[in-house]
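Working through the structure, step by step
As a plain string of letters, each chain reads:
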Amino acid sequence: MSRRSLLSKAVAAVCAAALVAPSAEACTSFLLRSADNGFVYGRTMEFGLPLQSQFTVVPRKLEVKGTGPDGTAGTGLAWTTKYGATGMNGLGLPILIDGMNEAGLAGGMLYLPGLAEYQSVPPAEAKNSIASFELLLYVLTNFATVAETKAALPKIKVSRAPQAVFKAPVPLHMTLHDATGASIVVEYIGGELHIHDNPTGVLTNAPGFNWHIANLGNFLNLSAYDPKPLKVGSLTIAPPSTGSGAPGLPGDMSAPARFVRAFLYSRAAPHLPTSTDAVGNAFHILNNFDIAPGIIRTEADSKAGGGVAGIETTEWSVVADTKTRRYYVRTYEDSQSRMIDLTKADLDAKTIRFVPVDKPGAVLDLSR
């Protein structure tokens, strides 16, 4: 069997296993800017089963074939990877759930249940189509910028290809950022492609992106600054303490609440001197979205919730520095950072490389 056939089958297998829990995914993402005009993307991954993720390094010049509209692996769009990329996979298989390429294009797939509806693809167009779970892999291995992606996506189809285990198309939307700070959200709703410019840099889960932007209008009073004292005759009413600028900031785990919090935290974040400095800040912000075991419970069976019956946790958090091309991860089991440096990784390898993220140490350079 050819390498590209193996890749296609592996992509289908991992998505069937890793994207099968519609009741349990609470991902949060945002973008930070540094004073040296760097941009840093941060994201959490919550899921309803243990992904057992590894760093995955996809080389250039690798032949890939997408899934056909009927769900058959290898019968969709064929391409040869132009850019090397790294990111997090699932179950040891070559799928990028989240990642960054060597040009600094970074992003991830986030769950969009009840809304995502993909394109109808006639048989004659099957070889110009991919499945929803292949979208990030396709984008990161083909394009260098958000602008290139916006121009290219209308030329292909994202089909309603079902997953064997999921038994339906996998409902996702994509957040994407490039090294210039340009950001978009890609959604397929009502069978049509929608590409939204995203000046907030923030994305969570359902509802759709436009709903979240409209909802921000309900929170315009929130501020990182304390309100000014109020004079009432001879009386001065002052805030009782610092941190009084954001009363009413939603603190629950719902996607709308997380979107508002991520917007305020990322907007208030200082522009630190370098993008490397901003990486640390991004992880501090991500800590605010870390789901402790037990606060989100599902009615799923004992296989759900990151290996704990009905309990969802933050399996991993990642930060991508689009300026230095360094991609960092922290896991539920270990809060120490692991890192892949795309300027050092072997992107001319003949096969996809998997790197464990459970090695001990502080910030480990796992590029080689």
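Further up the page is the structure itself.
These notes cover the structure that comes with them. (Residues numbered from 1 in each chain as written. Predicted model: local features only at pLDDT ≥ 70, side-chain atom pairs only at ≥ 80, totals over all residues. Heavy atoms only, no water.)

Helix and strand counts for the protein come out as 6 helices and 20 strands. Within the protein, residue pairs in contact and separated by at least 24 positions form 69% of the contacts whose partners lie at least 6 positions apart. Carbon and sulfur atoms make up 55% of the accessible area of the protein, which amounts to about 15,300 Å² in all. (Helix = DSSP H or I, 4+ residues; strand = E, 2+ residues; numbered from the N terminus. Contact = heavy atoms within 4.5 Å. Areas by Shrake-Rupley, 256 points an atom, 1.4 Å probe, with all protein chains shown as cover.)

A separate point is the pairing of strand β17 (residues 326–331). Of the strand pairs in this sheet, strand β16 (residues 313–321) and β17 are connected by 6 bridges, and their pairing is antiparallel. Among the inter-strand pairings, A320 is bridged to a residue of β17, identified as Y327. Where β17 meets strand β18 (residues 338–341), 4 bridges bridge the pair, whose relative direction is antiparallel. By the bridge assignment for β18, Y328 is matched with M339. Two successive antiparallel strands, β17 and β18, enclose a turn made up of 6 residues. (Pairing = 2+ DSSP bridges.)

Tracing the sequence through the fold places K228 in the loop between α4 (209–216) and β14 (230–232). K228 gets classed as exposed once you look at its relative accessible area, which sits at 77%. (Buried < 20%, exposed > 50% of the residue type's maximum accessible area, 1.4 Å probe, protein only.)

Across its 13 residues, helix α6 (residues 275–287) extends 19 Å between first and last C-alpha, which sits within 8% of the 18 Å expected from 1.5 Å per residue. Those residues of α6 that fall on the buried side of the exposure criterion are S275, A278, V279, N281, A282, F283, I285 and L286. Summarising the contacts, the buried residues of α6 are in contact with β1 (29–33), β2 (39–47), α5 (255–268), β16 and β17. (Expected span 1.5 Å × (residues − 1).)

As a further point, take the pattern of salt bridges. Evaluated as defined, the whole model comprises 7 salt bridges. Its salt-bridge partner being R160, residue E117 comes within 3.6 Å of it at the nearest N-O pair. Of this pair, E117 sits in the loop between β8 (106–111) and β9 (129–130) while R160 sits in the loop between β10 (157–158) and β11 (172–177); the two residues are 43 residues apart in sequence, bridging distant segments of the chain. Judged by relative accessible area, R160 falls into the partly exposed class, the value being 38%. One salt-bridge network, in which partners are shared between bridges, spans R60, E102 and D348. (Salt bridge = Lys/Arg side-chain N within 4 Å of Asp/Glu carboxyl O.)

Before going further, it helps to spend a moment on unusual backbone geometry. With an omega of 10 degrees, the peptide bond running from A206 to P207 counts as cis. Along the chain, P207 falls in the loop between β13 (192–197) and α4. Notably, N37 is not glycine yet its phi reads approximately 65 degrees, a positive angle. Note on N37: relative accessible area 46%, which makes it partly exposed. Even without glycine at this site, R325 takes up a positive phi of about 65 degrees. Positionally, R325 belongs in the loop between β16 and β17.

Along α4, the residues that are buried comprise F209, H212, N215 and L216. One side of α4 carries all its buried residues, which in axial view fall inside an arc of 125 degrees. On the buried face of α4, the contacting elements are β12 (183–189), β13 and α5. (Arc of directions from axis to C-beta.)

Our next topic: the side chain of N205. Along the polypeptide, N205 turns up in the loop between β13 and α4. Within the structure, N205 has its side chain in polar contact with the backbone oxygen of Y111 (distance 3.2 Å). Here the side chain of N205 touches R258 through a polar contact of 2.9 Å, side chain to side chain. (Polar contact = N/O pair within 3.5 Å; in protein donor to acceptor, adjacent residues only side chain to side chain.)

On to the packing of α4 against α5, then. Taken N-terminus to C-terminus, the directions of α4 and α5 make an angle of 60 degrees; their axes are 10 Å apart at the nearest point. Put simply, α4 runs oblique to α5. Our pair here, α4 against α5, has a crossing hand that is right-handed. Counting all contacts with α4, which are made through F209, W211, H212, I213, N215 and L216, the residues of α5 involved are A255, P256, F259, V260 and F263. (Axes fitted to C-alpha atoms, helices over the stretch in contact; angles between N-to-C directions. Parallel < 35°, antiparallel > 145°, perpendicular 65-115°, else oblique. Left-handed = near helix turned anticlockwise from the far one by under 90°.)

Applying the stated criterion across every chain, the model contains 5 aromatic pairs. Between F55 and Y327, the ring centres sit 6.2 Å apart and the planes meet at 70 degrees, which makes this aromatic pair edge-to-face. Here F55, found in strand β3 (residues 55–58), pairs with Y327, found in strand β17; they are 272 residues apart in sequence, far enough to count as distant. With a centroid separation of 5.7 Å and 45 degrees between ring planes, the pair formed by Y118 and Y188 is classed as tilted. Residue Y118 is found in the loop between β8 and β9, and its partner Y188 is found in strand β12; the two are separated by 70 residues along the sequence. (Phe/Tyr/Trp six-rings, centres within 6.5 Å; stacked < 30°, edge-to-face > 60°.)

Structural measurements only, silent on function.
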